[in-house]
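An overview of the molecular structure
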Amino acid sequence: MISIERALELVLDGLEPLGPERVPLADAAGRVVAEPAASAVDLPPFDRSAMDGYAVRAADTAPGVALRLAGGVAAGEVAVATLEPGTAARISTGAAIPPGADAVLQSELAEETDGTVAPTRALAPGTHIRVRGEDLTQGMVLAAAGDTLTLPRISALASAGVGEVAVHRRPRLDLIVTGSELLPLGAPPEPGRIHESNGLMVRLLAARAGAEVVDHGVIGDDREATVAAVSEGLSGDVLVVSGGVSVGPHDHVKPAFEACGVDEVFWRVRIKPGKPLWFGRRGDTLVFGLPGNPLSTIVCSAVFIDPALRRLAGERDARPRYEAGRLTRAARASDGRTEYLTAALRPGADGVLEATPTDRQGSHMTGALGESDGFAIAPEDIDELPAGAPVDVLRLG
Ligand code: AMP
Ligand code: MG
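Residues numbered from 1 in each chain as written. Chains lettered and ligands numbered in written order. Predicted model: local features only at pLDDT ≥ 70, side-chain atom pairs only at ≥ 80, totals over all residues. Heavy atoms only, no water.

**Regarding the sheet that holds strand β17 (residues 238-242)**
Strand-to-strand pairing in sheets goes through backbone hydrogen bonds, with the strands running parallel or antiparallel. Basically, it comes down to this: DSSP calls a pair of strands paired once it identifies at least 2 bridges connecting them. Note on conventions: DSSP H or I runs of at least 4 residues are helices, E runs of at least 2 residues are strands, and numbering of each starts at the N terminus. Here, axes are lines fitted to C-alpha atoms. For helices the fit covers the stretch in contact, and angles between N-to-C directions go from 0 to 180 degrees. By the convention used here, residues are in contact when the closest approach between their heavy atoms is within 4.5 Å.
Taken in spatial order, the six strands of this open sheet run β16-β13-β17-β21-β20-β18, and their pairing is mixed. Among the strands making up the open sheet, the edge pair consists of β16 (212-219) and β18 (263-267). Neighbour-to-neighbour, the strand axes of the sheet open up by a mean angle of 15°, direction not taken into account. Bridge count for strand β13 (residues 172-178) against β17 is five bridges, and the pairing is parallel. Each residue of the ladder has a partner; that of Leu-173, found in β17, is Val-238. Packing against the sheet, helix α6 (residues 294-312) makes contact with β13, β17 and β21 (285-290), and its axis sits at approximately 170° to β21.

**Remarks on the sheet that holds strand β6 (residues 87-91)**
Spatially, the six strands line up as an open sheet ordered β7-β4-β6-β5-β9-β8, and their pairing is mixed. Because the sheet does not close on itself, it has two edges, and the strands there are β7 (103-106) and β8 (110-113). Neighbour-to-neighbour, the strand axes of the sheet open up by a mean angle of 40°, direction not taken into account. In this sheet, β6 lies alongside strand β5 (residues 67-73) in parallel orientation, the contact comprising four bridges. Residue pairing for β6: Leu-69 is matched across the bridge by Ala-88.

**Thoughts on the site of ligand 1**
We apply this condition: Here a residue counts as near a molecule or strand whenever at least one of its heavy atoms sits within 4 Å of it. Nitrogen and oxygen atoms within 3.5 Å of one another constitute a polar contact, given that in protein one can donate a hydrogen and the other can accept it, and given that sequence-neighbouring residues count only through two side-chain atoms. Exposure was quantified through the Shrake-Rupley algorithm and a 1.4 Å probe, taking into account, for residues, occlusion by the shown protein chains and nothing else. Using protein atoms alone on a 1 Å grid, points that fit a 1.4 Å probe yet trap it form a cavity, whereas open point sets bounded by protein on both sides within 12 Å along at least five of seven lines form a pocket; residues with an atom within 4 Å of a point count as lining. Think of it this way: a molecule belongs to a cavity or pocket when more than half its atoms come within 2 Å of the grid points there. Each residue is assigned to one of three groups, with Ala, Val, Leu, Ile, Met, Phe, Trp, Tyr, Cys and Pro labelled nonpolar, Asp, Glu, Lys and Arg labelled charged, and all others, Gly among them, labelled polar.
The local shell around ligand 1 holds 15 residues, among which Glu-181, Glu-196, Ser-197, Gly-244 and Gly-292 are the closest. A distance of 2.5 Å is found between an oxygen atom of ligand 1 and a side-chain nitrogen or oxygen belonging to Glu-181. The contact in question runs from an oxygen atom of ligand 1 to an N or O atom on the backbone of Gly-244, over 2.8 Å. Computed on the free molecule, ligand 1 has an accessible area of 480 Å², of which 76% lies beneath the protein chains in the complex. Its atoms largely coinciding with the cavity grid, ligand 1 occupies the largest pocket. Residue classes in the shell around ligand 1 are distributed as five nonpolar, eight polar and two charged.

**What to know about the layout of surface pockets**
Note the threshold: Grid points are joined across faces, edges and corners, and a volume is the space filled by probe spheres set on the points.
The calculated volume of the largest pocket comes to roughly 410 Å³. Forming the walls of the largest pocket are 25 residues, and the residues nearest its centre are Glu-181, Asn-198, Gly-243, Gly-292 and Asn-293. Its volume calculated, the second largest pocket comes out at about 320 Å³. Among the elements of the structure, α1 (4-12), β23 (338-347) and β26 (390-395) are those that each provide at least two residues to the lining of the second largest pocket. Of the residues belonging to the lining of the second largest pocket, the class tally is 11 nonpolar, two polar and six charged.

**Some words on empty space enclosed by the protein**
As enumerated under the stated definition, the model contains one cavity of 30 Å³ or more in all. Taken as a whole, the largest cavity encloses approximately 30 Å³ of empty space. For the lining of the largest cavity, the secondary structure elements donating two or more residues are α3 (198-208) and α6. Looking at the lining of the largest cavity, the element that brings in the most residues is α6, giving four residues. Here the lining of the largest cavity is composed, by residue class, of five nonpolar, one polar and one charged.

Here it is, written out as structure tokens:
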């Protein structure tokens, strides 16, 4: 059995971000930039007024001087005529400054009467003018390769005239759920059967990690059906098979992997829940065999599959995002495995994240998930963590 760190290393080993594709900016939120995205324009693209008021020549302005009103410029218009000395032109916020003008007299500092405007004070040149290129110049890189397109970055690119960006392709995850006992979501109970939840969790977690999921549905515990589904599911970037990865008479997943030419990289990790995790590769396709217990599926998805998907999607640091927390009650790892304890997470009075493990713990204790926000992690090499001990925490929002 290998450690979690070693297993993650093996999963991420040699994994490169997927090739680029160009997508409309409107669809690019959360994607990772593959080629630098640069401003298509200067910003502002022309000298603009920062105020509603009057375009003037600063040298003409003094208290009490009457400037003749000569037309006006609204936002979106361009004045062609030069503003003559001794005149003023009405101007709206954002409108282009007419040639000849070098300041904007804001409405509040002006008295307009009978076709003239009187400033209440003298203006310095440049007053209330947003100068071309003061924010950005054309060609300036706004998002570098490896940057995630956050909403602020998307907004900057939109303003900079960028309509399309080159991002890393989204990984495709093929999902197969095995188990003859599984009932669809919300189906009426039936004797001997339980409701499916792993497939749903893998789909939701994968979507959040930026993957496109191809769902092959639920198949019964049958050798031929398993081989057929696995062989069909091997054409994407990642194949995830839930359940059936143990060594029982109804566990057909490992033989199916073998029959389809998937090479085993590891089987079994010192993690609880999730020990029977199987991982292999066929060509560039990563293949995960998840233990069927719902908590094992969630933990293995968060700790191993999510990082693989994020790396493929181009994220620089794809490792799980552990946070520093503190236990509110004692905890321990059991039987030499690092244990992911379902826990309620709340900020303490001093701002440190406090983790309270739920009373019920176990790979089948799905009810405890209802009381938890994520996991507190009890490392395999520490016998006992007392209340108040620092602990790594993994949120699962
Ligand atoms: P397995 O790994 O197939 O032996 O399954 C281990 C346990 O997890 C069994 O109790 C299964 O009924 C349960 N299980 C397997 N698959 C799922 C699933 N998709 N949703 C919920 N429980 C499951
Ligand atoms: Mg099963």
